[in-house]
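Here are the chains, one letter per residue:
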Amino acid sequence: MSYLAGQLLVASPRLVDPNFARTVVVLLNHDEQGAMGLVANRPTESPVADHLPEWGDRLVAPAVVFYGGPVEPSIAIGLRQSYDTSDGGTPVPGVGMVNLAEEEAEATQGGVRVYAGYAGWGPGQLEDEIEEESWIIVPGFATDVFSPSPDRLWAEVLGRQGGKIALLASMPVDPQLN
């Protein structure tokens, strides 16, 4: 398997782990040591301004902290819109990293989204989950990372794939209730 940094991991309907059911994860790192990403479609109700008021004017709507994943939920990770494709901040074109503790909000170019925690996999763990068909791998775009409608992102990403994958977008949470 080739490494997948820069791709989206879209939870298949068979993935029922509550941390990841119907999530879209932007994969920021993937190598022989494991993988790391951020859940792009789980906004919390906690305004970023309550925790990092200096970043309030730089936020992409919705201006809340996003659940990045179950690992290290007390740390904040920032992503920013980047129009410099050679930025090198992330493997997703148009997306850069933000050091929220050291960078000055006024000096940061592009809108910012803040995540609490991240999703992490040890060596071979993600590959096993992909083989079990827990994840659907699709290209990642900055428009997904900064979607103004994160609650619809899972269905939107699946729907644009076409074919059988697109049919999954309309699948109810509990197919037995269909």
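Here the structure is shown first, and the text comes after it.
Residues numbered from 1 in each chain as written. Predicted model: local features only at pLDDT ≥ 70, side-chain atom pairs only at ≥ 80, totals over all residues. Heavy atoms only, no water.

**A word on the overall build of the protein**
Note the following rule: In DSSP terms, a helix is any run of H or I states spanning at least four residues, a strand is any run of E spanning at least two, and both are numbered starting from the N terminus. We compute the radius of gyration from the C-alpha atoms alone; for a globule the expected value is 2.2 Å times N to the 0.38, where N is the number of residues. Residue exposure (1.4 Å probe, protein chains only): buried if accessible area is under 20% of the type maximum, exposed if over 50%, otherwise partly exposed. Whether two residues touch is decided by their heavy atoms; if any such pair falls within 4.5 Å, the residues are in contact. Areas reported as accessible are Shrake-Rupley estimates using a 1.4 Å probe. Residue values count occlusion only from the protein chains shown. Neither His nor the chain ends is counted toward charge; the positive residues are Lys and Arg and the negative residues Asp and Glu. Taken as the charge location is NZ of Lys, CZ of Arg, CG of Asp or CD of Glu.
Each helix and strand counted, the protein has four helices and nine strands in total. Starting at the N terminus and walking to the C terminus, you meet the elements of the protein as β-β-β-β-β-β-β-β-α-β-α-α-α. By the compact-globule yardstick of 16 Å for 178 residues, the protein fits well, its C-alpha radius of gyration being 16 Å. A principal-axis box enclosing the C-alpha atoms of the protein has dimensions of 50 × 35 × 30 Å. Out of the 178 residues in the protein, the part that is buried amounts to 43%. Once local pairs closer than 6 in sequence are excluded, the contacts in the protein between residues at least 24 apart make up 65%. Split by element, the accessible area of the protein, about 9,200 Å² in all, is 52% carbon and sulfur. Measuring between centres, the 9 positive side-chain charges of the protein sit 11 Å from its 24 negative side-chain charges.

**What to know about the side chain of N41**
Counted only if it meets this: For the purposes of these results, a polar contact is taken to be a pair of N or O atoms within 3.5 Å, where, inside protein, one atom must be able to donate a hydrogen and its partner to accept one; residues adjacent in sequence count only when each atom of the pair is a side-chain atom.
Along the chain, N41 falls in the loop between β3 (34-39) and β4 (43-47). Under the relative-accessibility criterion, N41 is labelled buried at 9%. Polar side-chain contacts of N41 include one of 2.9 Å to the backbone oxygen of R22. Polar side-chain contacts of N41 include one of 2.9 Å to the backbone nitrogen of V24. Sequence-distant contacts of N41, defined by excluding residues within four places in its chain, comprise R22, T23, V24, P150, L153 and W154.

**Quick look at the packing of aromatic side chains**
For the record, the criterion: Here a Phe, Tyr or Trp ring, Trp counted by its six-membered ring, pairs with any other such ring whose centre lies within 6.5 Å, and the pair is stacked when the planes are under 30 degrees apart, edge-to-face when over 60, and tilted otherwise.
One pass over the full model with this rule turns up four aromatic pairs. Between F20 and W135, the ring centres sit 5.7 Å apart and the planes meet at 75°, which makes this aromatic pair edge-to-face. Remark: W135 occurs in strand β9 (residues 135-139) and F20 occurs in the loop between β1 (7-11) and β2 (24-31); sequence separation between them is 115 residues. Of the two residues examined, F20 and W135, each falls in the buried class. Judged by centre distance (5.7 Å) and plane angle (55°), the rings of F66 and Y115 are tilted. Here Y115 lies in strand β8 (residues 112-121) and F66 lies in strand β5 (residues 64-67), a separation of 49 residues in the sequence. Residues F66 and Y115 agree in their burial class; the two are buried. Each member of the aromatic cluster is reached from another via a ring pair, and the members are F20, W121 and W135.

**Thoughts on the pattern of salt bridges**
Heads up, the rule is: The working definition used for a salt bridge is a side-chain nitrogen of Lys or Arg within 4 Å of a carboxyl oxygen of Asp or Glu.
Following the criterion strictly, the structure yields three salt bridges and no others. The residue D144 makes a salt bridge to R160 at a minimum N-O spacing of 2.6 Å. You can see D144 sitting in helix α2 (residues 142-145) and its partner R160 sitting in the loop between α3 (153-159) and α4 (163-167), a full 16 residues away along the chain. A residue is classified by how much of its surface remains accessible, and D144, at 4% relative accessible area, is buried.

**Focus on the nonpolar core**
Condition: The term nonpolar core refers to a set of buried residues drawn from Ala, Val, Leu, Ile, Met, Phe, Trp, Tyr and Cys, joined through side-chain atoms within 4.5 Å.
Within the largest apolar cluster, 39 residues are counted, with the highest numbers of intra-cluster contacts made by V10, L79, W121, L126 and W135. Looking at this core, the element that brings in the most residues is β2, giving five residues. The contact partners of V10, leaving out residues within four places of it in the chain, are T23, S134, W135, I136, V138, W154, V157 and L158.

**What about the side chain of S12?**
The residue S12 is located in the loop between β1 and β2 in this model. Setting aside residues no more than four positions away along its own chain, S12 makes contact with E133, S134, W135 and I136.

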